Structure formats: C-alpha cells, structure tokens
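A closer look at the structure
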Amino acid sequence: MTTNRKRISGRLEHLPRGAVIVTVAGDHWVLEDYEPSNEDFGFEVTAEGIVVGFDRLRVEWLGQVPA
C-alpha cells in the first residue's frame, strides 16, 4: 500500500480557497481537514499529511515553527 505523504513548511495564509501554506519557493498548498484560528495566520508552520490533489494536503499534524 502506498500513500503520498508529504511534509510542507511555509507561511500560513488565508486565501479565497481557504487556509494555505505558501512555501519559500512560492508554491501554494491548500489545507484540508484543518480549521486554523485567526491568530495562526501569518506565522511559519510545518504541516504533515497526505496529498489528496494537485495542490491539496489532508492535514494530520500542523505545528508552528519556533522563531
């Protein structure tokens, strides 16, 4: 059984498509199954989960990167 697991780091933003991680390279990953609070946006985070579309990640874990 293969799953397409991925760990992504970047800035958490709120865009029209929902909560998104924007990587340093400029890639946008839409987060599924994750409801951030308003205080979470704008911070550097790392998320881990399963890729469920071209640019979608079903989040299993998300944490803020220490400053």
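In this report, we go over the structure that sits alongside the text.

1. A closer look at unusual backbone geometry
A positive phi is found at Asp33, a non-glycine position, where the angle reads about 60°. Here Asp33 shows up in the loop between β3 (28-32) and β4 (44-53).

2. Section: the pattern of salt bridges
Scanning the entire structure with this criterion turns up seven salt bridges. The partner of Glu48 in a salt bridge is Arg5, with the nearest N and O atoms 2.8 Å apart. Pair noted here: Glu48 is in strand β4 and Arg5 is in strand β1 (residues 5-15), with a separation of 43 residues, a long-range link. Using a relative accessible area of 39% as the deciding quantity, one classes Arg5 as partly exposed.

Conventions used here
Residues numbered from 1 in each chain as written. Predicted model: local features only at pLDDT ≥ 70, side-chain atom pairs only at ≥ 80, totals over all residues. Heavy atoms only, no water. Helix = DSSP H or I, 4+ residues; strand = E, 2+ residues; numbered from the N terminus. Salt bridge = Lys/Arg side-chain N within 4 Å of Asp/Glu carboxyl O. Buried < 20%, exposed > 50% of the residue type's maximum accessible area, 1.4 Å probe, protein only.

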